[in-house]
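Fold and geometry: a report
Chain residues, written in single-letter form:
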Amino acid sequence: MWKPWLLRLHRWVTLVFAVPLAVIVLSGLVLSFEPVAQIASSAPGSLTLAMVENVLARHDPEGKARALAFRSYENRLSIGGVRPDDTIDVDIRTGAELTEDGAASNLFYYSRVLHETLMLDLGWLVHISTMAMLLLVVLGIAMGWPRLANSLSGWHKATAWFLLPLLVLSPLTGLFLAWGISFAGTTASRAEPLAVAEAVRVIGTQHDLSNLVWLRGRGGRLLARLIVNGEYRVHAVTRSGLEPASRNWPRLLHEGNFAGVWSGLMNVVISIAFVALMTTGLLIWARRRFRRRPQRTRTQQTTGPMAA
């Protein structure tokens with residue numbers, strides 16, 4: 001009884017949010033490859049303590065740096081805080097400053113801006129569209145187990161049902177991130193923040209710096225994000241060493257960086273599934289909306305002598 005109405009609501013929600021959802025899904029597909037690229041290119045020993053110290057001595061002799069970011073897929077080390085409103089990008093192989101942005105890092109950066117704000121500071125629309133995505137999943141479940149067939153509609157339904165847990169996980173964790181829900185336990189203890197050069201030495205004594213993702217201040221602490229056994233782990237950097245912070249599981253799951261390359265590829269599969277669902281769903285709607293109806297032949301009935 002309710003299925004036709006649920007189906008109609010499902011179609012209209014898809015049509016209303018088609019454009020923002022397409023942008024969110026496609027940018028998410030691009031971002032799914034970022035942890036894959038970072039982890040796959042983090043060769044042991046590709047970034048050493050001596051290399052970082054030489055770069056800092058050359059490009060930050062006054063010790064003004066407040067942050068570091070390492071993009072292993074471009075051999076690029078970014079130093080923040082030395083110049084107002086700008087970073088210094090350095091090629092770790094030569095130590096020379098890079099004057100042009102990297103193609104991959106630019107792609108990931110603008111994809112992230114699109115994914116989070118639609119490039120127009122419309123974060124609120126991203127949140128509403130994400131909730132609409134969850135609503136579409138709920139409506140699909142409410143319509144019940146479908147009859148699967150080798151057709152456009154059949155593949156649409158099969159993709160939705162067989163990947164259902166993953167399709168729920170992605171938008172749900174995205175909303176948790178937007179609302180600041182982390183399920184984190186106790187945080188690492190606070191301590192006087194170190195200078196970046198000193199923090200790098202502390203990290204270098206315990207970890208291969210090739211696994212550094214970023215180092216920056218947050219909440220009165222200096223934090224480092226490192227790849228540890230394929231997982232992006234955040235640590236507080238203190239003079240006594242590194243102290244692991246509580247895991248932010250919504251971020252780890254949403255970004256796909258909790259199990260190395262495999263979790264990144266899982267996010268690729270989720271993004272492709274969303275692209276397939278949107279594409280097939282719109283095609284199904286277009287078929288039903290614009291398909292040609294058979295023309296009815298109208299017979300003219302006549303009476304009287306002319307009928308003979």
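Check the entry above for the structure.
**Regarding the packing of aromatic side chains**
Here the structure, examined in full by the defined rule, presents six aromatic pairs. In textbook terms, an aromatic cluster arises when at least three aromatic residues are bridged by ring pairs, as seen for Trp145, Trp161 and Phe162. Between the NZ or CZ atom of Arg216 and the centre of the ring of Trp214, over which it lies, the distance is 3.8 Å.

**A short note on the pairing of strand β7 (residues 241-244)**
Direction of pairing for strand β6 (residues 231-238) relative to β7: antiparallel, over a ladder of four bridges. Across the sheet, the residue bridging to Thr238 is Gly241, located in β7. Between β6 and the antiparallel strand that follows it, β7, lie two residues.

**Points about the pattern of salt bridges**
Inspection of the entire model under this criterion finds twelve salt bridges. The partner of Arg251 in a salt bridge is Glu255, and the shortest N-O contact between them spans 2.8 Å. Placement of both Arg251 and Glu255 in helix α10 (residues 249-255) is noted, with a separation of four residues, approximately one turn of the helix. Accessibility expressed as a relative area gives 32% for Arg251, which makes it partly exposed. Judged by its relative accessible area of 18%, Glu255 is buried.

Definitions and limits used
- Residues numbered from 1 in each chain as written.
- Predicted model: local features only at pLDDT ≥ 70, side-chain atom pairs only at ≥ 80, totals over all residues.
- Heavy atoms only, no water.
- Phe/Tyr/Trp six-rings, centres within 6.5 Å; stacked < 30°, edge-to-face > 60°.
- Lys NZ or Arg CZ within 6 Å of the ring centre and 35° of its normal.
- Pairing = 2+ DSSP bridges.
- Helix = DSSP H or I, 4+ residues; strand = E, 2+ residues; numbered from the N terminus.
- Salt bridge = Lys/Arg side-chain N within 4 Å of Asp/Glu carboxyl O.
- Buried < 20%, exposed > 50% of the residue type's maximum accessible area, 1.4 Å probe, protein only.

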